[in-house]
Structure formats: C-alpha cells, structure tokens
Amino acid sequence: MKVTATFLDEITWDIPHQNWGPSEWDRDFAAMKKMGIGTVVLIRSGLARWLAYPSRYLHEKCGCAIPELDLIDLFLTLAEKHGMRFFCGTYVSQFYLGKGQPEKELEIDLKSAEEVWRLYGGRKAFRGWYLSHEFSGRNDALAELQAALGRRCKELSGGLPVLMSPFIRGRKEGNAWDPAILNGRESIDPEEHKRTWGGILEQLKGAVDIVAFQDGHTDYFELETYLRINRELCESFGMESWTNCESFDRDMPIKFLPIHWEKMLYKLRAAERAGFTEAITFEFSHFMSPYSIYGGAHGLYDRYMEYLEKQQKA
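Residues numbered from 1 in each chain as written. Predicted model: local features only at pLDDT ≥ 70, side-chain atom pairs only at ≥ 80, totals over all residues. Heavy atoms only, no water.

### Section: the sheet that holds strand S4 (residues 50-51)
A sheet is described by the order of its strands in space; here 3 strands give the open sequence S4-S3-S6, paired in mixed fashion. Sheet topology places S4 and strand S6 (91-92) at the edges, where each strand pairs with a single neighbour. Bridge analysis of strand S3 (residues 46-47) against S4 gives 2 bridges, and the strand direction is antiparallel. From the neighbouring strand, leucine 47 faces S4, where its bridge partner is tryptophan 50. (Pairing = 2+ DSSP bridges. Helix = DSSP H or I, 4+ residues; strand = E, 2+ residues; numbered from the N terminus.)

So this is what it looks like as structure tokens:
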C-alpha cells in the first residue's frame, strides 16, 4: 500500500503556515514525486477572507483579500513541471452555513468554481475538483450542497472527476483528548455508519466520483472494519474509494504534529487488507516533507522511503 496523492494545505485552517515561495514549493514537489505522489489536491481555494488565487468575484462579494502570490497558478505550473495531476479545491466562506443558510453558501461556491474554471480550466495539469466542505453525515443540508456543487463542477469541466474527503463519526471525532470523545459517547458504530453513508452516497451519485474517508477519527483497531464498509459502499454506487491516510497525530493534546511512523504503517496495512489501492494523505508538506518546519516530518519521510525500498525488494 502506497501513498499516491497528497492535499496541499493552502489556505490553512488549523495548521501554521510555512511561508514558502515558488522555490520552496518546487523542491517540495520534487520530494513528493520522488516518494511516488502523482496527484496533488488543493484543500480549498479560499477560506473566509483569505484566498489561494486573485478572485475578483470573492473580493467584491465577500471582501476577500487579493493575495500577492497566485497559488493555483503556481501549483498548476509545478504539477505540469513534475508530471502530476492537480485537483482544485472549492471555496469555503464560513459566512452562511453556521447561520443555517446553505443556499447562500452554495451560490458563492458555484460562482467561485465558475471563476476558477474560467481562469485555469485550460491548464494541462487541471484534472479534477475537490469539494472542500468536510462533514460526517450529521448535516443533510451540507450533503445537498455537495451534490449541487459537484454536479456543477463536472458540468463546467466536461466531466472531470470530483473528489470528497468526509470523516467518520468514530471515537476520535473532534478533540481526541476530550474524555467524552475517547469514551466513544459521540461515536456511531459501523452498522450505523453504513446506513448513514448509504443514504448520503445515494444523494451524491453522479456528483462525486472519488470518496476518500479520513482515517483518523476511529480507533486504530476498529479502522479496518470501517475501511471495508467505505470501500464496499463506494463500489455499490459506482464511486472510486481511496483512503485518506492522515500523516498527523490526533492522539496528542497538540494540534497537530507528525504521526508516529508505526501508526501510519498500521493504517496503510489496514487499508491494504481492506482492499484499497490508492491513498491520499493529509498532508505531505507539513507532516511528511523533508523540508517541513517539523523535524519529525523529516524522519517520517525517511521511514516511508525505507518502507518503499523494502517493498521494491520484496
């Protein structure tokens, strides 16, 4: 089981910026390529008033700041240079969902996606979309938003694939060190997970092509059960199933540090036993890169490269 894709965490939500420019991103893409990553996924094209691209629409509509560096253009350029696919994340306003107005959120998301396609749709590396709203199945309105947004992205781009990465309401949903979470009082069991997501994926059929459930919200020793359910559900609706093998640690009272290699290896092996062939990670540049601000990420990269070498010799 290998990691073949990574998210690019810009604009960040709860992880510090590394303040990289084009040269730092270029060497990071080269390290990704060396590790076998062939797909990069922008986690979001904007969050609230901060943007990954110079959006005139979002500047005028939401008061967003125009960035000095066009990250979408940069990431497309580097993906083309290093022979990778680029999936573009959608916008997340944070203005309307919390107010119970998903229809207004959707309006902004649709206009932003149309602008992104107009600006960058002709680029060679632009090979798909990522729906940036993450949810665990609690919110029917958000599922409806995802379906409408995914269908529009596919219409705009002539059917390019749409990826989403929801999370499981497992024992570690939320703050992993919260006793209520660790005791599993907020979690749902595998059968309820199967029922819930069977209904949601029915809604998303035709709008989403790839589903990569985050693997960090369940107990490690329950993970394989959930992974099997995820794969079987996706296959039943004609969707491709990846695992989102998180490379950060949810078990510590610090948000967030690189994961212990033994834990990541355990998750990769669980995914392999469950029948997966593709893994995306959240995310390489902070938690696995030899150039990360976190020293533990350098070691994680080295351990993973040793693992690859052993696989090649086997």
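### Describing the packing of helix H8 (residues 223-236) against helix H9 (residues 261-273)
In contact at an axis separation of 9 Å, H8 and H9 are set at 45 degrees when each is read in the N-to-C sense. Between H8 and H9, the interaxial angle falls into the category oblique. H8 and H9 meet at a crossing whose hand is right-handed. Between H8 and H9, the contacting residues are Leu223, Glu224, Leu227 and Arg228 on the first element and Lys267, Ala270, Ala271 and Arg273 on the second. Here the residues of the contact of H8 with H9 sort into 4 nonpolar, no polar and 4 charged. (Axes fitted to C-alpha atoms, helices over the stretch in contact; angles between N-to-C directions. Parallel < 35°, antiparallel > 145°, perpendicular 65-115°, else oblique. Left-handed = near helix turned anticlockwise from the far one by under 90°. Contact = heavy atoms within 4.5 Å. Nonpolar A, V, L, I, M, F, W, Y, C, P; charged D, E, K, R; others polar.)

### A short note on helix H7 (residues 190-204)
An ideal rise of 1.5 Å per residue puts 21 Å on 15 residues; H7 measures up with 20 Å between its terminal C-alpha atoms. Within H7, the full set of buried residues consists of His193, Trp197, Gly198, Ile200, Leu201 and Leu204. On its buried face, H7 sits against helix H5 (140-156), strand S8 (162-164), strand S9 (210-214) and H8. Just downstream of H7, glycine 206 is the residue with a positive phi angle, here 90 degrees. (Expected span 1.5 Å × (residues − 1). Buried < 20%, exposed > 50% of the residue type's maximum accessible area, 1.4 Å probe, protein only.)

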